[in-house]
Amino acid sequence: MDLTYTEEEEDFRARLRAWLTTALPQVPPKPDPLDWTARRAHDTAWQRMLYDAGYAGLHWPETAGGRGATPTQHLIYLEETERAGAPYVGANFVGLLHAGPTIAAEGTAAQRERWLPPVLRGDEIWCQGFSEPDAGSDLAALRTRAVRDGDDYVVSGSKIWTSHAEVADWCELLVRTDPGAPKHRGITWLAMPMDAPGITVRPLRTLAGSAEFAEVFLDEVRIPAAHRVGEENDGWRVTMVTLSFERGTAFVGEVVACRRTLAALADTAKANGSWDDSSLRRQLGRLNAEFTALWRLTQWNVSEAQRAGGVPGVGGSVFKLRYSHARQELFDTAARVLGPDALDLDREPTLDRLSSLAYTIAAGTSQIQRNIVAERILGLPKGR
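What this report covers is the structure whose coordinates are included nearby. On a predicted model such as this, the values are computed, not experimentally measured, just so you know.

## Quick notes on the overall build of the protein chain
And then number 1: Per the secondary structure count, the protein chain includes 11 helices and 8 strands.
And then number 2: Here the protein chain holds 384 residues, and the buried ones make up 50% of them.
And then number 3: Long-range contacts, defined here as pairs at least 24 residues apart, represent 72% of the contacts in the protein chain between residues at least 6 apart.
And then number 4: Entry remark: accessible area of the protein chain is about 18000 Å², with carbon and sulfur atoms responsible for 52%.

Written out as structure tokens, the structure is:
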């Protein structure tokens, strides 16, 4: 792998830095983390600024409304925006990193034209309706039922951990369309408008007190068949495309953020005297090596995705597995550095430590990722 940058790539970096220097002072302060209406407005306003400047969907193909940037340009963009302290995608997460790329890869021309531009402009927010109370890690066990009725599907059931459901306009929804088929074969991927009659959203609160996901109850919700992405009963394959984005590239920017957090922790340790603890210095050094390696793995995964037509491969599971645990270790170490201040819920590292507990569960548990690595990469037999 050639890790040097070309003159053209360095020029791209310089132009991006110049734009960030003028754009970021115009961004208002972050709203209260419990106020999701304000958070949506904040996040979509930033997305519109990116769109107007030509940076929205930088790595999306031009046919999907993006700029068709190279993997290296995409990584430069992530490095520079994180280093500058630019807002994260926030409420735009599912649309930009999951649903949008899936529609770009699997949707019809009409579907790409309808749904992708509003995502890139920040006009519409998506949520993810995959997990159910009895179908989390075993996602293929989902029971939410969709019955075809003329030009519509009539959907009944429930979803849980539905990210950003309370502020979303659309939901990437998995439903069972053939209950008699083997569980992986009777699933369909639908785009559901969140204002359709029959939808009830009940927010769920996290340890930190925020409500960034919800339970969603569906009572005979009618969804046009034209909103199906992929063929009927082929939803599991389409879902694997979605999950490959979720595990392979959706956390890329967070690696840069963790490296920035690590550097800040080292500075804090030097200032408060905890740097004198040799075991803490070793821990910080090991984490620095860990996140440097994860960044190199990210570069490799993104390059492989580009060679495969833009869809990440199973290498994303290797990244997701190790990143989830490394993030938890990072914020456990932050608690050592901060001491009693680590109990202050108004401090960002404290909130990050609480949220890190979910990373070994979200986007596929670590146990599921180990199975994928064992079976699909190492070629080991399936466990009984």
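## Brief notes about the packing of helix 2 (residues 36-53) against helix 5 (residues 109-121)
And then number 1: As a packed pair, helix 2 and helix 5 sit with axes 7 Å apart at the nearest point and diverge in direction by 105°. Between helix 2 and helix 5, the angle is such that the two are roughly perpendicular. On helix 5, the residues that touch Thr 44, Gln 47, Arg 48 and Tyr 51 of helix 2 are Val 119, Leu 120 and Arg 121.
And then number 2: Taken together, the residues that form the contact of helix 2 with helix 5 break down as 3 nonpolar, 2 polar and 2 charged.

## Points about helix 5
And then number 1: In this model helix 5 runs 18 Å from its N-terminal to its C-terminal C-alpha over 13 residues, within 8% of the 18 Å that 1.5 Å per residue would give.
And then number 2: The sharpest bend along helix 5 reaches about 25° and sits at Trp 115, with the proline Pro 117 one to four residues further on.
And then number 3: Considered for burial, the residues of helix 5 that qualify are Gln 111, Trp 115, Leu 116, Pro 118, Val 119 and Leu 120.
And then number 4: The inward-facing, buried residues of helix 5 contact helix 2, helix 4 (93-106), strand 1 (126-129), strand 4 (170-176), strand 5 (187-193) and strand 8 (228-229).
And then number 5: Two residues or fewer after helix 5 comes Gly 122, characterised by a positive phi angle close to 85°.

## Structural notes on the pairing of strand 3 (residues 152-163)
Every regular strand shows the same layout, with side chains that alternate between the two sheet faces.
And then number 1: Note that strand 2 (residues 145-149) and strand 3 share 5 bridges and pair antiparallel. Bridge pairing in strand 3 places Arg 148 opposite Tyr 153.
And then number 2: Hairpin geometry of strand 2 and strand 3 is characterised by an intervening segment of 2 residues between the two adjacent antiparallel strands and by a positive phi of about 65° at Gly 150.
And then number 3: In this sheet, strand 7 (residues 213-224) lies alongside strand 3 in antiparallel orientation, the contact comprising 9 bridges. The partner of Ser 163 across the bridge, within strand 7, is Phe 213.

## A word on the environment of Arg 114
And then number 1: Structurally, the position occupied by Arg 114 is in helix 5.
And then number 2: Classification of Arg 114 as partly exposed rests on a relative accessible area of 37%.
And then number 3: Contacts of Arg 114, omitting those with residues within four sequence positions, involve Glu 124 and Trp 170.
And then number 4: Reaching out from Arg 114, the side chain makes a polar contact with the side chain of Glu 124 at a distance of 3.0 Å.

## A few points about the packing of aromatic side chains
Two aromatic rings, taken as a pair, are described by how far apart their centres are and by the angle between their planes.
And then number 1: Counted according to the given criterion, the structure contains 9 aromatic pairs.
And then number 2: Note on Trp 19 and Trp 46: the rings are 5.7 Å apart at their centroids and 35° apart in plane angle, and the pair reads as tilted. Remark: Trp 46 occurs in helix 2 and Trp 19 occurs in helix 1 (residues 7-23); sequence separation between them is 27 residues.
And then number 3: Judged by its relative accessible area of 18%, Trp 19 falls in the buried class.
And then number 4: Both rings, one in Trp 161 and one in Phe 213, keep their centres 5.2 Å apart while their planes meet at 75°; by these two values the pair is edge-to-face. Of the two residues, Trp 161 sits in strand 3 while Phe 213 sits in strand 7, which places them 52 residues apart along the sequence.
And then number 5: When its relative accessible area of 46% is taken as the criterion, Trp 161 is described as partly exposed.
And then number 6: Chaining the aromatic ring pairs together yields one cluster made of Phe 12, Trp 19, Trp 46, Tyr 55 and Tyr 77.

## Thoughts on the pattern of salt bridges
And then number 1: Evaluated as defined, the whole model comprises 23 salt bridges.
And then number 2: Residue Asp 123 is joined to Arg 121 by a salt bridge in which the shortest nitrogen-to-oxygen separation is 2.6 Å.
And then number 3: Accessibility expressed as a relative area gives 38% for Asp 123, which makes it partly exposed.
And then number 4: Under the relative-accessibility criterion, Arg 121 is labelled partly exposed at 23%.
And then number 5: Here Asp 277 and Arg 336 are joined by a salt bridge, their closest N and O atoms 3.1 Å apart. Here Asp 277 is found in the loop between helix 7 (252-272) and helix 8 (278-307), whereas its partner Arg 336 is found in helix 9 (residues 315-338), with 59 residues between them in sequence.
And then number 6: When its relative accessible area of 42% is taken as the criterion, Arg 336 is described as partly exposed.
And then number 7: Look at the salt bridges and you will find they share partners, linking Glu 10, Arg 13, Arg 17, Glu 79, Glu 80 and Arg 83 into a network.

## Looking at unusual backbone geometry
And then number 1: For His 164, which is not glycine, the phi dihedral falls at a positive 65°.
And then number 2: For His 164, the position within the fold is in the loop between strand 3 and strand 4.

## What to know about helix 1
And then number 1: Given a rise of 1.5 Å per residue, 17 residues ought to cover 24 Å, and the 24 Å separating the end C-alpha atoms of helix 1 matches this to within 8%.
And then number 2: Where helix 1 is concerned, the buried positions are Glu 9, Phe 12, Arg 13, Leu 16, Trp 19, Leu 20 and Ala 23. Projected onto a plane normal to the axis of helix 1, the buried residues spread over an arc of 130° and lie on a single side. Across helix 1 from its buried face, at more than 90 degrees, point the exposed residues Glu 7 and Thr 21.

## A short note on the environment of Thr 72
And then number 1: Residue position: Thr 72 is located in helix 3 (residues 71-83).
And then number 2: Relative accessible area serves as the criterion here: at 28%, Thr 72 is assigned to the partly exposed category.
And then number 3: Separated by 66 residues in sequence, Thr 72 and Thr 6 place their C-alpha atoms 9.8 Å apart.
And then number 4: When sequence neighbours within four positions are dropped, the list of residues in contact with Thr 72 reads Tyr 5 and Glu 9.

Cut-off values and rules
Residues numbered from 1 in each chain as written. Predicted model: local features only at pLDDT ≥ 70, side-chain atom pairs only at ≥ 80, totals over all residues. Heavy atoms only, no water. Helix = DSSP H or I, 4+ residues; strand = E, 2+ residues; numbered from the N terminus. Buried < 20%, exposed > 50% of the residue type's maximum accessible area, 1.4 Å probe, protein only. Contact = heavy atoms within 4.5 Å. Areas by Shrake-Rupley, 256 points an atom, 1.4 Å probe, with all protein chains shown as cover. Axes fitted to C-alpha atoms, helices over the stretch in contact; angles between N-to-C directions. Parallel < 35°, antiparallel > 145°, perpendicular 65-115°, else oblique. Nonpolar A, V, L, I, M, F, W, Y, C, P; charged D, E, K, R; others polar. Expected span 1.5 Å × (residues − 1). Bend = angle between axes of the 7 residues up to and from the residue. Pairing = 2+ DSSP bridges. Polar contact = N/O pair within 3.5 Å; in protein donor to acceptor, adjacent residues only side chain to side chain. Phe/Tyr/Trp six-rings, centres within 6.5 Å; stacked < 30°, edge-to-face > 60°. Salt bridge = Lys/Arg side-chain N within 4 Å of Asp/Glu carboxyl O. Arc of directions from axis to C-beta.

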